[in-house]
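Observations on the three-dimensional arrangement
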Amino acid sequence: MARALGVDVRRRGSGNIGATNVLRSVGRGPAVATLVGDVAKGYAGAWIGGLADPSAGVAALAVVLVVVGNCWSVFLAFRGGKGVATGLGAFLRATPWAILPAAIVWVALVGTFRFVSLASLCAALGLPLAILFLGYPLPLAGAGAVVALIVLVRHRANVERLLQGTERRFGEREPARG
């Protein structure tokens, strides 16, 4: 969406292609479109995996693969997003009730501290526990743990900025990259 407006978000703000950087770099409408597209991509990937084989093991593999594909896209020279919105979509398909506690954590943390990265990390790290607690099959909890690890790795720069006190809060625009 940002590219349709003549903006390459990989050269703006944080350089990430996700909804938060699109929001800061281009605005609300393109950010919502990016978020919806990433969630839909994750959902579709998990759904297609379920068509191939409805077992929990295949569903778990499909969830992990769609997030890996988002984070290391062949279409972007193995660069990509951080896996949060795509993971949300994939887990909405695979473990819909486990998304509820993760979403509550995300909303509470963004509402309290206004750090999207912190909220995303905490929601992702809590998701495997919610999956286990709610009785979903073990392979899906394993997929939740793998995706949480991917999200953590993709957010390592954000973690550094959080620790240094330089992470931008939700609603703050980022300056253009040189």
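Anything mentioned here points back to the structure above.
Report on the accompanying structure.

This next bit is on the overall build of the chain. A tally of regular secondary structure across the chain gives eight helices and zero strands. Relative to the compact-globule value of 16 Å for 178 residues, the chain shows a C-alpha radius of gyration of 16 Å, a close match. By principal-axis analysis of the C-alpha atoms, the chain measures approximately 45 × 35 × 25 Å. For the chain, restricting intrachain contacts to residue pairs at least 6 apart in sequence, the fraction spanning at least 24 positions comes to 63%. By element, 68% of the accessible surface of the chain is carried by carbon and sulfur atoms, the whole surface being about 9,500 Å². Seen as two clouds, the 18 positive and the 7 negative side-chain charges of the chain have centres 5 Å apart.

A few words on unusual backbone geometry. The phi dihedral of alanine 77 falls on the positive side, at around 55°, and the residue is not glycine. Relative to the assigned elements, alanine 77 resides in the loop between helix H3 (56-71) and helix H4 (84-94). Backbone geometry at arginine 114 places phi at a positive 65°, although glycine is not the residue there. Among the structural elements, arginine 114 can be located in the loop between helix H5 (96-113) and helix H6 (116-133). A residue is classified by how much of its surface remains accessible, and arginine 114, at 38% relative accessible area, is partly exposed.

Relative to the 22 Å expected for 16 residues at 1.5 Å per residue, H3 spans 23 Å between its end C-alpha atoms, a close match to the ideal helical length. Residues of H3 that are buried: Ala59, Ala60, Ala62, Val63, Val64, Val66, Val67, Asn70 and Cys71. Where H3 is buried, its residues contact helix H2 (28-52), H4 and helix H7 (138-154).

With that out of the way, let us pick up the state of the cysteines. Covalently bonding the sulfur atom of one cysteine to the sulfur atom of another cysteine gives a disulfide. Counted by the stated rule, this structure contains zero disulfides. The structure places no disulfide on cysteine 71, whose sulfur is separated from the nearest cysteine sulfur, that of cysteine 122, by 18 Å. We classify cysteine 122 as partly exposed; its relative accessible area is 32%.

Okay, the nonpolar core next. As a rule of thumb, soluble globular proteins bury nonpolar side chains together. Counting residues in each nonpolar core, the largest one holds 28 residues, and the members touching the most others are Val63, Phe91, Leu127, Ile131, Leu140 and Val147. Elements represented by at least two residues in this core include exactly H3, H4, H5, H6 and H7. Apart from residues lying up to four places away in sequence, leucine 140 is in contact with Ala56, Ala59, Ala60, Phe91, Ala94, Thr95 and Ile131.

Next up on the list: a nonpolar patch on the surface. Residues Tyr43, Trp47, Ile48, Leu51, Leu88 and Leu92 make up a contiguous nonpolar surface patch of about 550 Å² in total accessible area. Broken down by secondary-structure element, the contributors of at least two residues to the nonpolar patch are H2 and H4. Ranked by the residues each element gives to the nonpolar patch, the list is headed by H2, at four residues. In this structure, tyrosine 43 sits in helix H2.

Another point: the packing of aromatic side chains. For the coordinates displayed, the defined rule picks out zero aromatic pairs. Positioned over the ring face of tryptophan 72 is arginine 154, at 5.0 Å from the centre of the ring.

What follows deals with the pattern of salt bridges. Throughout the structure, instances matching the rule amount to four salt bridges. Salt-bridge contacts for lysine 41 lead to aspartate 38; the nearest nitrogen and oxygen are separated by 3.2 Å. Here lysine 41 pairs with aspartate 38, and both are found in helix H2, just three residues apart, close to one helical turn. Classification of aspartate 38 as buried rests on a relative accessible area of 15%. A salt bridge links glutamate 167 to arginine 161; its shortest N-O distance comes to 2.7 Å.

Reading the values: the criteria
Residues numbered from 1 in each chain as written. Predicted model: local features only at pLDDT ≥ 70, side-chain atom pairs only at ≥ 80, totals over all residues. Heavy atoms only, no water. Helix = DSSP H or I, 4+ residues; strand = E, 2+ residues; numbered from the N terminus. Rg over C-alpha atoms; globule rule 2.2 N^0.38 Å. Contact = heavy atoms within 4.5 Å. Areas by Shrake-Rupley, 256 points an atom, 1.4 Å probe, with all protein chains shown as cover. Lys, Arg positive; Asp, Glu negative; His and termini not counted. Charge placed at Lys NZ, Arg CZ, Asp CG, Glu CD. Buried < 20%, exposed > 50% of the residue type's maximum accessible area, 1.4 Å probe, protein only. Expected span 1.5 Å × (residues − 1). Disulfide = S-S within 2.5 Å. Core = buried A, V, L, I, M, F, W, Y, C linked by side-chain atoms within 4.5 Å. Patch = residues over 30% accessible without salt bridge, like charges linked within 9 Å, V, L, I, M, F, W, Y side chains within 5 Å. Salt bridge = Lys/Arg side-chain N within 4 Å of Asp/Glu carboxyl O. Phe/Tyr/Trp six-rings, centres within 6.5 Å; stacked < 30°, edge-to-face > 60°. Lys NZ or Arg CZ within 6 Å of the ring centre and 35° of its normal.

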